Amino acid sequence: MPADPAAYEGRLPMECELYDLPVGSIEDAFTAAVGANMGWINWESLCWPDAPEVGFRGESKHAEVTLLFNSRTRELDECVDDHTVLVHVRSASVDRRQMREPYAHWLAAQVGLEVIGAGQRN
């Protein structure tokens, strides 16, 4: 992908799917191309690890990470001046209480981060 935003003049919006690229191989060029526009990168087919200390078994269903540029939702419904990372985990609720959200918090903590927003339903 060209890093020069002028290369995309008149070509946006666009959709591109690239498979089996390592993390770190596309993000800088994509960020430059998106500029102040909204966009997203989604990593799927992941596998979350076991977390026996908090009562969760690892899983691959719904295991995704989405990096949102200048938006806070995958619908890209409002342009903002920051970026958002969505950690996708399987939803499970009991008596209308979200039972899987603590797993998202645990995942974030494994890389020294924390969940800062409310859960979103997809």
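A brief report on the enclosed structure follows. Chains are numbered independently. Their residues run from 1 in the order of the written sequence. Where totals are concerned, whole chains, interfaces and linings use all residues; where local detail is concerned, this predicted model gives features only for residues with pLDDT of at least 70, and gives and counts side-chain atom pairs only at 80 or more. Working from all heavy atoms in the structure, the side-chain values ignore hydrogens and water.

Describing the overall build of the protein
Where we set the bar: Where helices and strands are cited, they refer to DSSP runs of H or I of at least four residues and of E of at least two residues respectively, numbered from the N terminus. Note on exposure labels: buried denotes an accessible area under 20% of the residue type's maximum, exposed denotes more than 50%, and partly exposed covers the range between, all computed with a 1.4 Å probe on protein chains only. We call two residues in contact when some of their heavy atoms are within 4.5 Å.
Across its full length, the protein carries two helices and five strands. When the helices and strands of the protein are read in sequence order from the N terminus, they spell out α-β-β-β-β-β-α. Within the protein, the fraction of its 122 residues that count as buried is 30%. Restricting to contacts in the protein with at least 6 residues of sequence separation, those with at least 24 account for 45%.

Some words on unusual backbone geometry
One non-glycine residue, Asp20, lies in positive phi territory at about 60°. Considering the arrangement of structural elements, one finds Asp20 in the segment before α1 (27-34). Phi at Ser45 is positive, roughly 60°, even though this residue is not glycine. By the element assignment, Ser45 lies in the loop between β1 (39-43) and β2 (64-69). With a relative accessible area of 72%, Ser45 lands in the exposed category.

As for the packing of aromatic side chains
So the rule is basically this: When the centres of two rings from Phe, Tyr and Trp lie within 6.5 Å, Trp using its six-membered ring, the rings pair. Their planes under 30 degrees apart give stacked, over 60 give edge-to-face, and anything left gives tilted. By definition here, charges over rings are those cases where NZ of Lys or CZ of Arg is within 6 Å of the ring centre and within 35 degrees of the ring normal.
Going through the model one piece at a time under the given rule, you end up with three aromatic pairs. Seen from their ring centres, Phe56 and Tyr103 are 5.1 Å apart, and the 55° between their planes marks the pair as tilted. With Phe56 in the loop between β1 and β2 and Tyr103 in helix α2 (residues 101-110), this pair connects stretches of sequence that are 47 residues apart. Overall, Tyr103 belongs to the buried group, its relative accessible area being 0%. Here Tyr103 and Trp106 contribute two aromatic rings whose centre-to-centre distance is 5.7 Å and whose plane-to-plane angle is 10°, an arrangement assigned as stacked. On the criterion of helical spacing, the pair formed by Tyr103 and Trp106 is a turn pair, its members being three residues apart in helix α2. Among the aromatic residues, those joined into a cluster by ring pairs are Phe56, Tyr103 and Trp106. A cation over an aromatic ring shows up here: Arg74 above the ring of Trp40, its NZ or CZ 4.8 Å from the ring centre.

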